[in-house]
Amino acid sequence: MSIPSPDKAFYEFYCPVKIVAGLAALEHLPFELQMLGASRPMVITDKGVVAAGLYQHIEAAFAGSGIAVAAIYDDVPPDSSLETVRDAAHLWRAQQCDAILAVGGGSVIDTSKAVNILVSEGGDDLAKFAGAHHLKRALKPLIVIPTTAGTGSEATMVAVITDRKTGAKLPFTSYFLMPHAAILDPRMTMTMPPHITAMTAMDAMTHAVESYSCMAGNPLSEAFASRAVRKISENLLKVLDNPNDAVGRLALAQGSTLAGVAFSNSMVGLVHSLGHALGSICHLPHGLCMNLFLPYALEYNKDVNGEKIGELLLPLCGPEVFAKTPAEARADAAIAHIRHLRDELHARAKLPRTLRETGKVTEDMLPRIAAAALDDGSLIFNPKDADLDDLMAVLRKAW
Amino acid sequence: MMAVIGRSLVAMSRVDPTVRAELAPIAPGFVFRMTVLPDGPSFAVERTAEGVFALVKDRTRRAELTVIFKHLRHAFLVFSFQEGTARAFANDRMFVDGQVSVAVRIVRVLDRMEAVILPKFVARRALKRYPRIALADKLALATKAYGVTALNLLRGR
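Throughout, a residue's number is its position along its own chain's written sequence, starting from 1. Chains carry letters and ligands carry numbers; both start at the beginning, A for chains and 1 for ligands, and go up in the order they are written. Per-residue local features of the predicted model are confined to residues with pLDDT of at least 70, and side-chain atom pairs are confined, for both listing and counting, to 80 or more; whole-chain, interface and lining totals are unaffected and use all residues. Hydrogens and waters are ignored; side-chain quantities use all the structure's heavy atoms.

Asks: For empty space enclosed by the protein, give the residues involved together with the corresponding values.
Replies: A probe as big as a water molecule, rolled over the atoms, marks out the empty space that is left. Residues and elements named next belong to chain B. Throughout, the protein atoms alone are placed on a 1 Å grid, and a set of points is a cavity if a 1.4 Å probe fits but cannot get out or a pocket if it is open with protein on both sides within 12 Å along at least five of seven lines; lining residues have an atom within 4 Å of a point. Grid points are joined across faces, edges and corners, and a volume is the space filled by probe spheres set on the points. Under the criterion given, the structure shown has two cavities of 30 Å³ or more. The volume enclosed by the largest cavity comes to roughly 40 Å³. Along the walls of the largest cavity sit Phe32, Met34, Val67, Thr85, Phe89, Ala103, Ile106, Val107 and Leu110, which together make up its complete lining. Secondary structure elements are taken from DSSP: a helix is a run of H or I of four residues or more, a strand is a run of E of two residues or more, and numbering for both begins at the N terminus. At four residues, the largest contribution of residues to the lining of the largest cavity is made by helix 5 (residues 100-117).

Written as structure tokens, this is what we have:
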């Protein structure tokens, strides 16, 4: 088995999303809409975002700009459905909107991408666009304003929507789903409680680590992933100690977007296979699942891609630690650092480190989780093959 | 080459219990196609009620799952076993349209086929990990698989 290297024989890289990042970045919204030829945006969000007062920042950004929000759809559930997408598309048409502003986390962003399919292509049958690369032309302007720093969905070409009638999760993959712009403003993530801050940051950290160390990594995705690891590693504990640290919050948001760009161009691996399976069976948040499995999956992969894991010691711990650590010990040191980070997150934000600590997983569930993980698409990109026994072994370590 | 791969999958599903176990959870009538853009060579197989693959000759029949190579050259790399299936996905040689969980099973079936019908030194190049399989079992399965494939080719099935 050859290991992915900076000299990868072939790769593709694509990210057309304009990133607007910084303090008061939201105030660039009217300009960005103007540049896209739009003046009647519809905001898609959820009740939590509105209750947290985050929508007020959007309204304030439009003051005196001559552009106003034409409609607000704030009924996006945590697990969005075809019905939700249809309802939001009806509102968009009824109010004669011409752009979408997604204000929220992963579910809001996925919903907004799917709404954009319907309002651009016409009709109400979203399911017929499910699958890979079925869209053949550009969609309406879509700007994403993330309110969590973890999913990276603002930089990906994928949306997943549930068909409630069948229970199936329909994946939509197309370059045209990628937003026109993502606006990273620390005001939008400032009110996240410590537990959510920690969980979402570890989601982004896992995107970056797996992007860097799994089979489809390439020189460009590695650059984004490495910088993401550094941003998160340097700022996560600082932000937990001082939640009003706007610069730190911005760094975490950037880390999430950098990781999103990275994994969108390289896919992920074993942590995600196990995490997707655990999340669907035990209904645990995705970021928590990532935190639970990250060090154990790295340990499993280490004998195949230890060199790549070792390279991550530099963005994780900085140049002094990296230089002092012998090359052959760097992978172990990187994994040890991630374990230490998880201990700190447990101490500061009560983020569980083991399946047992979640209080929602029982040992008899492990075979089901392993079986589901075996059929997860991410496993293809894991550098080391894993069969059912291997997955059970990792799960037992994470127990 | 695509025709041979399709027929080899059919043969493997008939002679190898490991492959049949992989196909067991897939619904009868499920059609899997591998094709090359824009309208290149392709094959399609259907999971039958008996739990094995059968060739689908109707090129217009809708497939529930399609793996699409972006170019003939990429398909040649994979089916001449110079590049493993997982490596080909990682190198963006192809993409999946349909249920990804079934695609993962099909990848395992393709890997199993390569491990059985190819000499170990060739298969090791294409696979992430060569499976634990006794030489006697490998030879017995490979002989049966080659036999069924040759017979089906002769019969035009």
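What follows continues from the structure just given.
Asks: Go over the interface of chain B and chain A with me, naming the residues and quoting the values.
Replies: At the interface, 21 residues of chain B touch 30 residues of chain A. Together, the buried faces of chain B and chain A total about 2100 Å²; carbon and sulfur atoms form 49% of this surface. Whenever Lys or Arg places a side-chain nitrogen within 4 Å of a carboxyl oxygen from Asp or Glu, that contact is recorded as a salt bridge. Scanning the region where chain B abuts chain A turns up six salt bridges. Think of a polar contact as two N or O atoms within 3.5 Å of one another; within protein, one of them needs to be a possible hydrogen donor and the other a possible acceptor, and neighboring residues in sequence only count if both atoms come from side chains. On the surface where chain B and chain A come into contact, there are twelve residue pairs in polar contact (both at pLDDT 80 or more). The set of elements that each furnish at least two residues to the side of chain B that touches chain A consists of helix 4 (85-90), strand 5 (94-98) and helix 5 of chain B. Take the side of chain B that touches chain A: its biggest share by element is six residues, from helix 5 of chain B. Tallied by class, residues from the side of chain B that touches chain A come to nine nonpolar, two polar and ten charged. The contact criterion used throughout is that any non-hydrogen atoms of two residues lie within 4.5 Å. Buried area counts how much accessible surface, traced with a 1.4 Å probe, disappears from two parts once they are put together, with both parts' losses summed. Basically, the charged four are Asp, Glu, Lys and Arg, the nonpolar ten are Ala, Val, Leu, Ile, Met, Phe, Trp, Tyr, Cys and Pro, and anything else, Gly included, counts as polar.

Asks: Tell me what's going on with helix 10 (residues 286-311) of chain A, and back it up with residues and numbers.
Replies: Residues and elements named next belong to chain A. Between the first and last residue of a helix there are one fewer steps than residues, each counted as 1.5 Å, and that sum is the expected span. Here helix 10 contains 26 residues, and its C-alpha end-to-end distance of 26 Å is more than 12% below the 38 Å for a straight helix at 1.5 Å per residue. Consider a residue and the seven residues that end there alongside the seven that start there; fitting an axis to each set, the bend is the angle between those axes. A bend of about 110° at asparagine 305 is the largest found in helix 10. Exposure categories follow from relative accessible area, calculated using a 1.4 Å probe and restricted to protein chains: below 20% of the type maximum is buried, above 50% is exposed, and the middle band is partly exposed. For helix 10, the buried fraction is high: 19 of the 26 residues fall into the buried class.

Asks: Quick one: what's the story with the nonpolar core, residue by residue and with numbers?
Replies: Nonpolar cores were defined as sets of buried Ala, Val, Leu, Ile, Met, Phe, Trp, Tyr and Cys residues, with membership established by side-chain atoms within 4.5 Å. If you look at the biggest cluster of nonpolar residues, it comprises 71 residues, and the most contacted ones within it are A:Leu278 and A:Leu355. Among the elements that take part in this core, helix 10 of chain A stands out by supplying eleven residues, more than any other. If sequence neighbours within four positions are ignored, A:Leu355 has contacts with A:Leu278, A:Leu292, A:Phe293, A:Val361, A:Leu366, A:Leu395, A:Ala398 and A:Trp399. If you look at the next biggest cluster of nonpolar residues, it comprises 53 residues, including A:Ala216, B:Val10, B:Phe43 and B:Ala103.

Asks: Describe the domain arrangement of chain A, listing the residues and the values that go with them.
Replies: Residues and elements named next belong to chain A. For the domain bounds, the source is a domain assignment made automatically or taken from a database. Entries for chain A in the domain assignment read domain 1 (24-184) and domain 2 (194-398). Distance from the C-alpha centre of domain 1 to the C-alpha centre of domain 2: 28 Å. Counting residues at the interface gives eleven residues for domain 1, matched by 15 residues for domain 2. Here domain 1 and domain 2 share an interface that buries about 960 Å² over both sides, 62% of which is from carbon and sulfur atoms. Together, Ala149, Gly150 and Leu184 form the three largest contributors to the area buried by domain 1 at its contact with domain 2, with a combined 49%. At the boundary of domain 1 with domain 2, the tally comes to zero salt bridges. In this structure, the connection of domain 1 to domain 2 is made through four residue pairs in polar contact (both at pLDDT 80 or more). Split by residue class, the side of domain 1 that touches domain 2 holds five nonpolar, five polar and one charged.

Asks: I'd like a rundown of the packing of aromatic side chains, residues and numbers included.
Replies: Residue and element names in this part refer to chain B. Between 30 and 60 degrees the pair is tilted, below 30 it is stacked and above 60 it is edge-to-face, where a pair is any two Phe, Tyr or Trp rings, Trp via its six-membered ring, whose centres lie within 6.5 Å. On inspection of all chains with the given rule, the structure shows four aromatic pairs over all chains. Measuring from ring centre to ring centre gives 5.5 Å for phenylalanine 69 and phenylalanine 79, while their planes differ by 70°; the resulting arrangement is edge-to-face. Of this pair, phenylalanine 69 sits in strand 4 (residues 65-69) while phenylalanine 79 sits in helix 3 (residues 72-79), and the two are ten residues apart along the sequence. In terms of burial, phenylalanine 69 and phenylalanine 79 fall into one category: buried.

Asks: Can you tell me about the confidence of the model for chain B, naming the residues and giving the values?
Replies: Residue-level confidence of the predictor is summarised by pLDDT, bounded by 0 at the bottom and 100 at the top. Model confidence for chain B is summarised by a mean pLDDT of 90, while 99% of its residues fall at 70 or above. Model confidence for chain B, summarised as mean pLDDT per element, is weakest for helix 7 (residues 135-155) of chain B at 86 and strongest for helix 2 (residues 17-23) of chain B at 95.

Asks: Quick one: what's the story with the pairing of strand 2 (residues 42-47) of chain B, residue by residue and with numbers?
Replies: All names here are of chain B. Of all six residues in strand 2, five are buried, a share of seventy percent or more. DSSP calls a pair of strands paired once it identifies at least 2 bridges connecting them. Inspection of the sheet shows strand 1 (residues 31-36) paired to strand 2 by five bridges, in the antiparallel sense. Looking across to strand 2, one finds that arginine 33 is bridged to alanine 44. In sequence, strand 1 turns back onto strand 2 through a hairpin of five residues. Counting the residues that bridge the hairpin from strand 2 to strand 3 (residues 53-55) gives five residues, and of these glycine 51 lies at a positive phi of roughly 85°.

Asks: Any details on the sheet that holds strand 7 (residues 158-162) of chain A? Residues and values, ideally.
Replies: Residue and element names in this part refer to chain A. Strand order in this open sheet of three strands is 5-8-7, and the pairing throughout is mixed. Pairing within the sheet leaves two strands with one partner each, and these edge strands are strand 5 (131-132) and strand 7. As defined by bridge partners, strand 7 adjoins strand 8 (residues 169-173) across five bridges and the pair is classed as antiparallel. Counted as the bridge partner of valine 158 is threonine 173 from strand 8. For every element, the axis is a line fit to its C-alpha atoms; helices are fit only across the contacting stretch, and the angle between N-to-C directions ranges from 0 to 180 degrees. Here helix 5 (residues 106-121) sits on the sheet in contact with strand 7 and strand 8, set at roughly 90° to strand 7.

Asks: Can you tell me about the sheet that holds strand 4 (residues 99-104) of chain A, naming the residues and giving the values?
Replies: Residue and element names in this part refer to chain A. Here we have six strands laid out as an open sheet, ordered 1-9-6-4-2-3, and parallel in their pairing. Two strands close off the open sheet at either side, each with one partner strand: strand 1 (18-21) and strand 3 (71-73). Across the sheet, the axes of successive neighbouring strands diverge by a mean angle of 20°, strand direction being ignored. Along the sheet, helix 4 (residues 82-94) contacts strand 2 (41-44), strand 3 and strand 4; its crossing angle with strand 3, the most-contacted strand, is approximately 170°. On the sheet, helix 5 packs against strand 2, strand 4 and strand 6 (142-146) and is oriented at approximately 165° with respect to strand 4.

Asks: Go over the layout of surface pockets, please, and point to the residues and values.
Replies: Size it by volume and the second largest pocket reaches roughly 740 Å³. Surrounding the second largest pocket, 25 residues form its lining, A:Asp385, A:Asp387, B:Glu22, B:Arg108 and B:Pro131 being those nearest its centre. Among the secondary structure elements, those contributing two or more residues to the lining of the second largest pocket are helix 2 and helix 5 of chain B. The biggest single contributor to the lining of the second largest pocket is helix 5 of chain B, with eight residues. For the lining of the second largest pocket, a count of residues per class yields 14 nonpolar, one polar and ten charged.

Asks: Break down the packing of helix 6 (residues 194-213) of chain A against helix 13 (residues 330-349) of chain A for me, with residues and values.
Replies: Residues and elements named next belong to chain A. Between helix 6 and helix 13, the shortest axis-to-axis distance is 9 Å and the interhelical angle comes to 160°. Accordingly, the angle class assigned to the pair helix 6 and helix 13 is roughly antiparallel. Crossing hand, helix 6 versus helix 13: left-handed. Contacts between helix 6 and helix 13 involve Pro194, His195, Ala198, Met202 and Met205 from the former and Leu341, Arg342, Leu345 and Ala349 from the latter. Of the residues belonging to the contact of helix 6 with helix 13, the class tally is seven nonpolar, one polar and one charged. Note on angle classes: values under 35 degrees are labelled roughly parallel, values over 145 roughly antiparallel, values of 65 to 115 roughly perpendicular, and the remainder oblique. Handedness of a crossing is defined here by the sense of rotation of the near helix relative to the far one, left-handed for an anticlockwise turn of less than a right angle and right-handed for a clockwise turn.

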